[in-house]
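# Fold and geometry: a report
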Amino acid sequence: YPLFCRGASAGLICFDLTDYESFLGIEKWVNLFRESSSEIPLYLIGTKNDLLEKAVSDEEINDAKESYGFKEV
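Residues numbered from 1 in each chain as written. Predicted model: local features only at pLDDT ≥ 70, side-chain atom pairs only at ≥ 80, totals over all residues. Heavy atoms only, no water.

### Description of the overall build of the protein chain
- The helix and strand tally for the protein chain stands at three helices and two strands.
- Counting from the amino terminus, helix and strand elements in the protein chain follow one another as β-α-α-β-α.
- A compact globule built from 73 residues should have a C-alpha radius of gyration of about 11 Å, and the protein chain, at 13 Å, falls within 12% of that.
- Each of the three principal axes of the protein chain carries a C-alpha extent, and together these read 35 × 20 × 20 Å.
- By the burial criterion, 25% of the 73 residues in the protein chain qualify as buried.
- As presented, the protein chain carries roughly 5,100 Å² of accessible surface, and 50% of it is formed by carbon and sulfur atoms. (Helix = DSSP H or I, 4+ residues; strand = E, 2+ residues; numbered from the N terminus. Rg over C-alpha atoms; globule rule 2.2 N^0.38 Å. Buried < 20%, exposed > 50% of the residue type's maximum accessible area, 1.4 Å probe, protein only. Areas by Shrake-Rupley, 256 points an atom, 1.4 Å probe, with all protein chains shown as cover.)

### Overview of the pattern of salt bridges
- All chains considered together, the criterion is met by two salt bridges.
- Across the pair Lys48 and Asp16 runs a salt bridge whose closest N-O atoms are separated by 3.1 Å. Of this pair, Lys48 sits in the loop between strand S2 (42–47) and helix H3 (58–68) while Asp16 sits in strand S1 (residues 11–16), and the two are 32 residues apart along the sequence.
- With relative accessibility at 42%, the residue Lys48 sits in the partly exposed group.
- Take Asp16: its relative accessible area is 14%, and that puts it in the buried class.
- The partner of Lys65 in a salt bridge is Glu72, and the shortest N-O contact between them spans 3.2 Å. (Salt bridge = Lys/Arg side-chain N within 4 Å of Asp/Glu carboxyl O.)

Put into structure tokens, the structure is as follows:
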């Protein structure tokens, strides 16, 4: 497993709200953390929220949060 996962207390998974490909990469990162430590909480962070042109809808984000069990802040 990658060094950055070992001994982690939480996982912060970031994606670019203006880049749908970035959003599609969430599954890869969730799997990486879950293989390394299935018990740590994961948080989803959307970046570039200040830009007007978003490629990912709120509904898609909420579905991902529910599907992957991301924690709420």
